[in-house]
Amino acid sequence: MAHTKRKKTPVKNIIEFIKLQLAGNILFVGTLLGVAVADHILYVDPFWGMVGGSLIAHILFFLVNKNWIFHTSSKRGYGEVARFIVFMSFNFFLNIFLVSLLTQLILIQMPSVEGFEYYLGVVSAAVFFAIWSYIGLKFWVFAPTKRHAAVSRHHGLTYERKRGRA
């Protein structure tokens with residue numbers, strides 16, 4: 001008898017979403033810490049702090065997602081890692097673009113917040129990524145693999161053709 005995997009209930013999906021939001025704080029806090037360190041300790045442009053903090057946070061974010069949220073096996077490792085790298089690289093550059101755009105818009109609309117514009121931009125972009133990341137990670141990066149029958153009824157014919165028979 002074949003083993004069938006039960007589908008996740010809406011409650012389990014909600015719990016998974018909440019866990020991802022908790023893990024998403026790694027990206028949020030890492031990016032904010034990078035901005036703060038660059039701005040107040042290294043005295044360089046906060047943009048570079050955002051990039052560095054975000055890069056370190058993305059590595060930690062993958063490990064937490066793989067082992068705590070989506071519970072994926074190590075057997076699927078290389079494809080999963082490749083999809084994560086593609087997805088999060090896209091997110092990394094999209095985040096930089098959104099934060100840069102939002103900081104400029106914030107300064108235009110509220111010039112009195114000068115000096116805090118990067119912090120407000122990071123917080124604003126985080127709202128978008130809360131939903132976007134869950135969708136991408138759940139349905140593409142850590143999507144369960146579809147298992148096909150181990151042996152099809154045509155398996156023998158395929159094998160014989162490969163060996164030069166039939």
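Scroll up to find the structure this text is about.
Heads up: these notes are all about the structure in this document. Within every chain, residues take consecutive numbers counted from 1 along the sequence as written. Totals for whole chains, interfaces and linings use every residue, but because this is a predicted model, local features are given only for residues with pLDDT of at least 70 and side-chain atom pairs only at 80 or more, for both listing and counting. In computing side-chain values, all of the structure's heavy atoms are included and hydrogens and water are not.

1. Digging into the nonpolar core
Okay, so step 1: Grouped together as the largest cluster of nonpolar side chains are 15 residues, with contacts concentrated most on Leu20, Phe61, Phe84, Leu137 and Phe142.
Okay, so step 2: When contributions to this core are tallied by element, the ones reaching two or more residues are helix H1 (10–41), helix H2 (46–69), helix H3 (77–109) and helix H4 (117–141).
Okay, so step 3: Put simply, DSSP marks the helices as runs of H or I at least four residues long and the strands as runs of E at least two long, and each gets a number from the N terminus on. The biggest single contributor to this core is H2, with four residues.
Okay, so step 4: A contact between two residues is defined here by any heavy atoms of the two lying within 4.5 Å. Ignoring any residue separated from it by four or fewer positions in sequence, one finds Phe61 in contact with Leu20, Ala23, Gly24, Ile26, Leu27, Phe84, Met88 and Leu137.
Okay, so step 5: Counting residues in hydrophobic clusters, the runner-up holds 14 residues, among them Met50, Val51, Tyr119 and Ala125. To define a nonpolar core, start from buried Ala, Val, Leu, Ile, Met, Phe, Trp, Tyr and Cys residues and group those joined through side-chain atoms within 4.5 Å. Type-normalised accessible area, obtained with a 1.4 Å probe on protein chains alone, sets the label of each residue: buried when under 20%, exposed when over 50%, and partly exposed for intermediate values.

2. A word on the environment of Trp68
Okay, so step 1: With respect to the helices and strands, Trp68 occurs in helix H2.
Okay, so step 2: Remark: the alpha-carbon pair of Trp68 and Ala23, spanning 45 residues in sequence, is separated by 9.0 Å.
Okay, so step 3: Excluding residues within four positions of it along the chain, Trp68 makes contact with Lys19, Leu22 and Ala23.

3. Considerations on the pattern of salt bridges
Okay, so step 1: Salt bridges are counted wherever a side-chain nitrogen of Lys or Arg sits within 4 Å of a carboxyl oxygen of Asp or Glu. According to the stated counting rule, one finds one salt bridge in the structure shown.
Okay, so step 2: Between Lys138 and Glu16 there is a salt bridge whose closest N-O contact spans 2.8 Å. In this pair, Lys138 sits in helix H4 while Glu16 sits in helix H1, placing the two residues 122 residues apart along the sequence.
Okay, so step 3: Owing to a relative accessible area of 4%, Glu16 belongs among the buried residues under this scheme.

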